[in-house]
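Observations on the model geometry
The lines below spell out each chain.
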Amino acid sequence: MRPVLGRGYAATSLQNLVRVSGLGKGSLYATFGGKHELFLRALRRYVDALDAALRESFASAPRAVDALRDYLMMPVGDPAGAAARRGCFLANSTELAAADPVLATEAGRAYESITALLRECVVRAQEEGGLSTQRDPTETARALLAAWQDPTFIGRSGMDVKTLAPTARSLVAQLLQAPDSVSAGG
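Residues numbered from 1 in each chain as written. Predicted model: local features only at pLDDT ≥ 70, side-chain atom pairs only at ≥ 80, totals over all residues. Heavy atoms only, no water.

Re the packing of aromatic side chains
- If you walk through the whole model with that rule in mind, you get two aromatic pairs.
- A centroid spacing of 6.1 Å and a plane angle of 75° characterise the contact between Phe-58 and Tyr-71, whose relative ring orientation is edge-to-face. Remark: Tyr-71 occurs in helix 5 (residues 64–73) and Phe-58 occurs in helix 4 (residues 35–60); sequence separation between them is 13 residues.
- Here Phe-58 falls in the buried class, since its relative accessible area comes to 6%. (Phe/Tyr/Trp six-rings, centres within 6.5 Å; stacked < 30°, edge-to-face > 60°. Helix = DSSP H or I, 4+ residues; strand = E, 2+ residues; numbered from the N terminus. Buried < 20%, exposed > 50% of the residue type's maximum accessible area, 1.4 Å probe, protein only.)

Quick notes on the confidence of the model for the chain
- Averaged over every residue, the pLDDT of the chain is 84; residues scoring 70 or more account for 90%.
- Low confidence marks residues 1–5, where pLDDT is under 50. Its contacts with residues over four positions away, or in another chain, come to eight contacts. (pLDDT = per-residue confidence, 0-100. Contact = heavy atoms within 4.5 Å.)

Digging into the packing of helix 2 (residues 14–21) against helix 3 (residues 25–32)
- Relative orientation of the contacting elements helix 2 and helix 3 amounts to 90°, with a least axis distance of 10 Å. For the element pair helix 2 / helix 3, the angle class is roughly perpendicular. Contacts between helix 2 and helix 3 involve Leu-14, Leu-17, Val-18 and Ser-21 on the former and, on the latter, Lys-25, Leu-28 and Tyr-29.
- Its residues assigned to classes, the contact of helix 2 with helix 3 shows five nonpolar, one polar and one charged. (Axes fitted to C-alpha atoms, helices over the stretch in contact; angles between N-to-C directions. Parallel < 35°, antiparallel > 145°, perpendicular 65-115°, else oblique. Nonpolar A, V, L, I, M, F, W, Y, C, P; charged D, E, K, R; others polar.)

Details of helix 4
- The end-to-end C-alpha distance of helix 4 is 37 Å, a good match for the 38 Å that 26 residues give at a rise of 1.5 Å each.
- The set of residues buried in helix 4 consists of Leu-38, Phe-39, Leu-40, Leu-43, Val-47, Leu-50, Asp-51, Leu-54 and Phe-58.
- Looking at the buried residues of helix 4, the elements they touch are helix 1 (8–11), helix 2, helix 3, helix 5, helix 7 (89–97) and helix 8 (101–127). (Expected span 1.5 Å × (residues − 1).)

Structural data, given as structure tokens:
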């Protein structure tokens, strides 16, 4: 299915979905139940793919602190800035969560899953000596998730990646300090 880009949930009509999917209206309803159910299925699929990619990235990294650094730099990793402007499907969908309890539950589940993966990686980085053991792994994981979201949200405003990249590097420096710089600098 080709994406209907740039419209968002509210502006994407059932007719758009029928046209892009190639399914008839009845088939779309029979297969997915409706626009909302299709959106939730797409979001779950996206979150599952993101979870698998993060799990693989974190597990395959020789050093956990490097995997966390790569994670924080991901939103600004595309020199053209397309990824930062596009944002994250999960983050982009959370604006709907305030009015949609089912979506709020899904988003909450997704963010907790990402936090758990980040926490595991933080613990590994601490065990490897790449991060201070004085930092709480869960709080650090949540801070890393929030730091990842900042360039993603700001990038959606159209700020270019050359402006966002120093911010991401600053977040890396602050959140992923080596253990000796944590004790020396507070």
